[in-house]
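# What the coordinates show
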There are 4 protein chains.
Amino acid sequence: MNTFGDNIKLTTFGESHSAAIGGVIEGFPAGVEVDKNFIQSELDRRKPSNHKASTTRKESDRIEILSGIFEGKTLGTPIAFIIRNENQQSDDYDYLRKIYRPGHADFTYDKKYGHYDHRSGGRASARETAARVAAGAFAKTILQSKGIEITTTVKQVGIAQTPDEMERLIEQAKTDGDSLGGIVECVIKGCPVGIGEPVFGKLQAQLAEAMMSIPAAKGFEYGEGFGAATMKGSEHNDIYIFDNEIKPATNHNGGILGGISTGQDIVFRVAFKPIASISKPQETVDKQGNSVQLINRGRHDVCCVPRAVPVVEAMAALVIADNLDL
Amino acid sequence: MNTFGDNIKLTTFGESHSAAIGGVIEGFPAGVEVDKNFIQSELDRRKPSNHKASTTRKESDRIEILSGIFEGKTLGTPIAFIIRNENQQSDDYDYLRKIYRPGHADFTYDKKYGHYDHRSGGRASARETAARVAAGAFAKTILQSKGIEITTTVKQVGIAQTPDEMERLIEQAKTDGDSLGGIVECVIKGCPVGIGEPVFGKLQAQLAEAMMSIPAAKGFEYGEGFGAATMKGSEHNDIYIFDNEIKPATNHNGGILGGISTGQDIVFRVAFKPIASISKPQETVDKQGNSVQLINRGRHDVCCVPRAVPVVEAMAALVIADNLDL
Amino acid sequence: MNTFGDNIKLTTFGESHSAAIGGVIEGFPAGVEVDKNFIQSELDRRKPSNHKASTTRKESDRIEILSGIFEGKTLGTPIAFIIRNENQQSDDYDYLRKIYRPGHADFTYDKKYGHYDHRSGGRASARETAARVAAGAFAKTILQSKGIEITTTVKQVGIAQTPDEMERLIEQAKTDGDSLGGIVECVIKGCPVGIGEPVFGKLQAQLAEAMMSIPAAKGFEYGEGFGAATMKGSEHNDIYIFDNEIKPATNHNGGILGGISTGQDIVFRVAFKPIASISKPQETVDKQGNSVQLINRGRHDVCCVPRAVPVVEAMAALVIADNLDL
Amino acid sequence: MNTFGDNIKLTTFGESHSAAIGGVIEGFPAGVEVDKNFIQSELDRRKPSNHKASTTRKESDRIEILSGIFEGKTLGTPIAFIIRNENQQSDDYDYLRKIYRPGHADFTYDKKYGHYDHRSGGRASARETAARVAAGAFAKTILQSKGIEITTTVKQVGIAQTPDEMERLIEQAKTDGDSLGGIVECVIKGCPVGIGEPVFGKLQAQLAEAMMSIPAAKGFEYGEGFGAATMKGSEHNDIYIFDNEIKPATNHNGGILGGISTGQDIVFRVAFKPIASISKPQETVDKQGNSVQLINRGRHDVCCVPRAVPVVEAMAALVIADNLDL
């Protein structure tokens, strides 16, 4: 459950307040030139910034690569990397020690494990996604060399679908002490035809698993997605044409047919719920079942969607790289 | 790619026109009483029936269990079962030998493998799902003994959301030689709290992977799903109450928090595209790129959604059983 | 535990008295011509024959291939095959229902599972190896096309190292109602340099795992094996020479260095214990701990080694094929 | 190939001259008290010491645990640890850049990967086993709490079977600039009955795989091992007796029957070849095939067997812990 992928395997480790988080990438091909600055720049994209929607927790998130690279090139051996956690004091979270926070994993972790890490979620914390972003950057290095490009955009924040409107809603939510969800769209260009496997290994199944493993993700769709349910076969079918080569004339299928890439753009969307931590007081219960009023003291993102963008992209890169014939 | 699950593993085999299709279930617990009639009845639910939406291909779909059961009880050894394919003549499909059918996997399989099985899709055929339904029936046998119940309903066929309206649309599509998509909702009742794993093993990730591996599935969402994107944290958060025990007062999260079941109903939906095979003529190209008009001679479902119901249910049963502490 | 291999995966199923035993081979490459007579002939090599060392249980062991092959060639889809068990009556074994047979898995199975299959061992029966031999024949089909040849010989039966002496010992053991062990040597010729993986995937680790999973195997060694313990580095090291190409001048290492094949013959030996079922009466206890005298009524091999030969060969073929770049 | 185990999984990383080597342990149970001093002391057992057989390379081998432990107890999350490589300068090895050292993996790595790490073997270096020893110490922590104890002894160095004779041989080999092999015996006491799995998951298969993945291992046997080949069934069979409980009266089988532990001592032996690096000059060829005389300048162990002891023990601990019902 800490490992993702079949050919290029990522294992992540670390809790939100352990000495470090990190990952080990197995199966990465040998001889790939790795630009450490690019890896770091991807991590920086995920960092809480001055962006209005973000927390002010300080994470400098410097990556240290421990193995697998020699003289700037991969060796084909496991690539291990770590990111030190700078803020390991957990006193700040003491008031949460006995409370099940609504929308968080406290309750389910406590029931499953008999304990939970009140220090901001431990392994359930979105901090774990930093390791995914770092690993995704390695995967992107492969994709770039093959001309495959991934672009991810925020399609919706709450009900807003334009940047101005998104910003206004985020400002309002911050004032209200509330939070917002949203939708992200990912487009993978240049993916060769033939990526993916039949039956249980369909590319859309791999992408869905990857995306739904991201904290706060509530839905996945590709191509026409849920909209396909209302279309007729004669509308949805992508007719083939000959235009220098045989290819589908349209892309209702979102670049995947029978679980295998068509060579067209792979297009999918991921829906995220609003962030569970809000400033507004919430009436809930503690572990003994006593009513308590929860008032979050920490600083939290108002909307996870902007920071989810590099995570979605990283997971997409890992899935595609995992399926390439390297 | 032919194997699903971690603890209870299903491997399926067989093409739409091989001697048989079937499966092997590993990790199934010993000592479970198996009612062969129940297994068969689940298979019968998937059979093309007199239902207006269905094909008239004859599949008697009798299951033969080869191993793993002795005196009516499981041995803990692999359960192997087969379902003979009765109609193995492939002459009927000869006219399709050189055509890339729109919406089917012919094109991508051909590009990937250098060949494709024109005889109704081979391994890509939805016939493969019969093995899933049989395996799902074994999984359900476990779930029933634990008081876990799965109910799956057709929520939508095309734009229709009521049975009458669905029937009318199907009738119309049949007349038009067209096909319809739809949405299925699955509710899992009685699932204990604590099912699922953190990080990459989240229950929603497993369910998404399972559902998106079903032919024609285009989207997956759980709880509020895509609707959660437009909700605020204060609306979406499920507040905890004490009512004999601690539990969430609402279920916006769809029975899963942090990847782990809350003990509430697990609720998810799957969107299906309209069936690719339609009677209406379609202009497409053959393998040489020449324009051809495709007129399907076979008989096909008008809408896959009714027959997808037992498949969705089987995959859900396999996921839940796979995660139970047996 | 019922699945072997990483790229070419074999899953076996079936108990010694179920309807059938069989296997599913995943990951087998597409387009390989399969000679069903060859597969059957390999199975025939394992059959109890008129050989003096063998049981007279009748097993016609006809293989039926259910999927994965079309017009004589593999499809790249799972190859499923079954071998019907002809003798499913278990009454013959009733007298063993309460006895822990010395040297058999009855005791450990009973302790682990709370029951055991007194009908000749169920899944623990050497009958399971028929599925391995069938799968190994498929693997050999690949190896033959690459010029890789596996030869396995009986090096020792009891203390005998020549055929005449072996035959005499077997005759004597039969007269005595006793049984014999032995040693098998396997030589793989034509294996290209570079097969195997570092660290935990070393070729010798894979071979050792494969061989030690064969019933009655007690030891594995390759190259100089246990004899290497008494050699000096200056004796054991294989010096490189140039003779048209660079290669080791000797082969003390048995064709593997650092876990990876050198291109020389891969040579290993497997030791087998004497068969546990003997005609001589044995004093043991029943499940209640009462003293009983066990007198086997069944007919059993006197020495498993001749029949182990095709099993060793099949497992070797599966390991090598699993590691080839196909 | 860098991951070992099914339930408790160890992934190791790091080359002999990368910034660090280390490992990630997944599936380790929560709530286990970990004594960091014990982990370090196990690592110290593997360090080259003043022992006459050992190299003088300086490795302080301090372990740093990065995650998975909080307030002295495991969290059930991945345990990541690193050991910094202190001597990363590789200039010392420049003279080996073009030579295939006899008995080393240079030749096979070069053929497989098109390059090899002349800096003391990279990933093939026995340095990698430090991560196994650290992980084994975690596994032992579980075993100790269950009353399972592993003892490993050097049975043979060269032809010597007594400590005095071993010391004399080592002294002689050092004088001669030569090296020695040997045999290690491992006894696991207190292992409950029922550990291990049927068919491909037999305990002896797991142990054999584990042991044969250790650098320089050439053979594995358990119980009577190769000696069993010369025994008769009436001699080898362990008869059951009742002595407070039912148990085998003897232990020819080495504590495992049908792949599953009997509750008796598990006994196995591993043979190691003499160390490939010797001080004596060796005539070999370089990568161009030119004759060269190789004179090792580095300092090397004379016999790997003493340092193999903690590695054998660690791998045994990992295998047993992996099979326990935790």
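It should be noted that the structure appears before, not after, this text.
Model, not experiment: these values are computed from the prediction.

This part covers the interface of chain B and chain A. On the side of chain A, 96 residues touch chain B, which itself brings 96 residues to the contact. Between chain B and chain A the total buried area reaches about 7,500 Å² when both faces are included, carbon and sulfur atoms providing 66% of it. In terms of surface lost to chain A, no three residues of chain B exceed B:F200, B:K218 and B:Y240, which account for 12% of the buried area on that side. Linking chain B with chain A are two salt bridges, by the criterion used here. Between A:E197 and B:K112 there is a salt bridge, with its nearest N and O atoms 3.5 Å apart. The interface formed by chain B and chain A holds 31 residue pairs in polar contact (both at pLDDT 80 or more) in total. Across the side of chain B that touches chain A, the residue classes tally to 43 nonpolar, 32 polar and 21 charged. Relative to strand β10 (residues 217–222) of chain B, strand β10 (residues 217–222) of chain A runs antiparallel, the two being bridged by three bridges. Of the residues in β10(B), the one forming a bridge with A:F220 is B:F220.

Take a positive patch on the surface next. There is a patch of like positive charges on the surface, built from A:K9, B:K9, C:K9 and D:K9. Mapped onto the secondary structure, A:K9 falls in strand β2 (residues 9–13). Taking relative accessible area as the criterion, A:K9 reaches 32% and is therefore assigned partly exposed.

Quick look at the pairing of strand β10 (residues 217–222) of chain D now. Residues and elements named next belong to chain D. Taking burial as the measure, the six residues of β10 include six buried ones, the bulk of the element. Sheet analysis places β10 next to strand β15 (residues 266–272), joined by five bridges and oriented antiparallel. Bridge assignment links A217 to a residue of β15, and that residue is F272.

As a further point, take the packing of helix α1 (residues 36–46) of chain C against helix α3 (residues 129–145) of chain C. Residues and elements named next belong to chain C. Here α1 crosses α3 at 135°, and the two axes come no closer than 9 Å. Here α1 is positioned oblique relative to α3, judged by the angle of their axes. The crossing of α1 and α3 is right-handed. Judged by residue contacts, F38, I39, E42, L43, R45 and R46 of α1 engage T129, A130, V133, A134, A137, F138, K140, T141 and Q144 from α3.

This part is about the sheet that holds strand β3 (residues 20–26) of chain D. All names here are of chain D. One open sheet holds the five strands; their spatial order is β1-β2-β3-β7-β4, and the pairing between them is antiparallel. With one partner strand each, in any of the chains shown, β1 (3–4) and β4 (63–67) form the two edges of the open sheet. Bridge count between β3 and strand β7 (residues 79–84): six bridges; the pairing is antiparallel. Within β7, the position partnered with V24 by the bridge is A80. Packing of helix α3 (residues 129–145) onto the sheet brings it into contact with β2 (9–13), β3, β4 and β7, and relative to β7 it is tilted by some 140°.

Parameters and conventions
- Residues numbered from 1 in each chain as written.
- Chains lettered and ligands numbered in written order.
- Predicted model: local features only at pLDDT ≥ 70, side-chain atom pairs only at ≥ 80, totals over all residues.
- Heavy atoms only, no water.
- Contact = heavy atoms within 4.5 Å.
- Buried area = accessible area lost by both parts, 1.4 Å probe.
- Salt bridge = Lys/Arg side-chain N within 4 Å of Asp/Glu carboxyl O.
- Polar contact = N/O pair within 3.5 Å; in protein donor to acceptor, adjacent residues only side chain to side chain.
- Nonpolar A, V, L, I, M, F, W, Y, C, P; charged D, E, K, R; others polar.
- Pairing = 2+ DSSP bridges.
- Helix = DSSP H or I, 4+ residues; strand = E, 2+ residues; numbered from the N terminus.
- Patch = residues over 30% accessible without salt bridge, like charges linked within 9 Å, V, L, I, M, F, W, Y side chains within 5 Å.
- Areas by Shrake-Rupley, 256 points an atom, 1.4 Å probe, with all protein chains shown as cover.
- Lys, Arg positive; Asp, Glu negative; His and termini not counted.
- Charge placed at Lys NZ, Arg CZ, Asp CG, Glu CD.
- Buried < 20%, exposed > 50% of the residue type's maximum accessible area, 1.4 Å probe, protein only.
- Axes fitted to C-alpha atoms, helices over the stretch in contact; angles between N-to-C directions.
- Parallel < 35°, antiparallel > 145°, perpendicular 65-115°, else oblique.
- Left-handed = near helix turned anticlockwise from the far one by under 90°.

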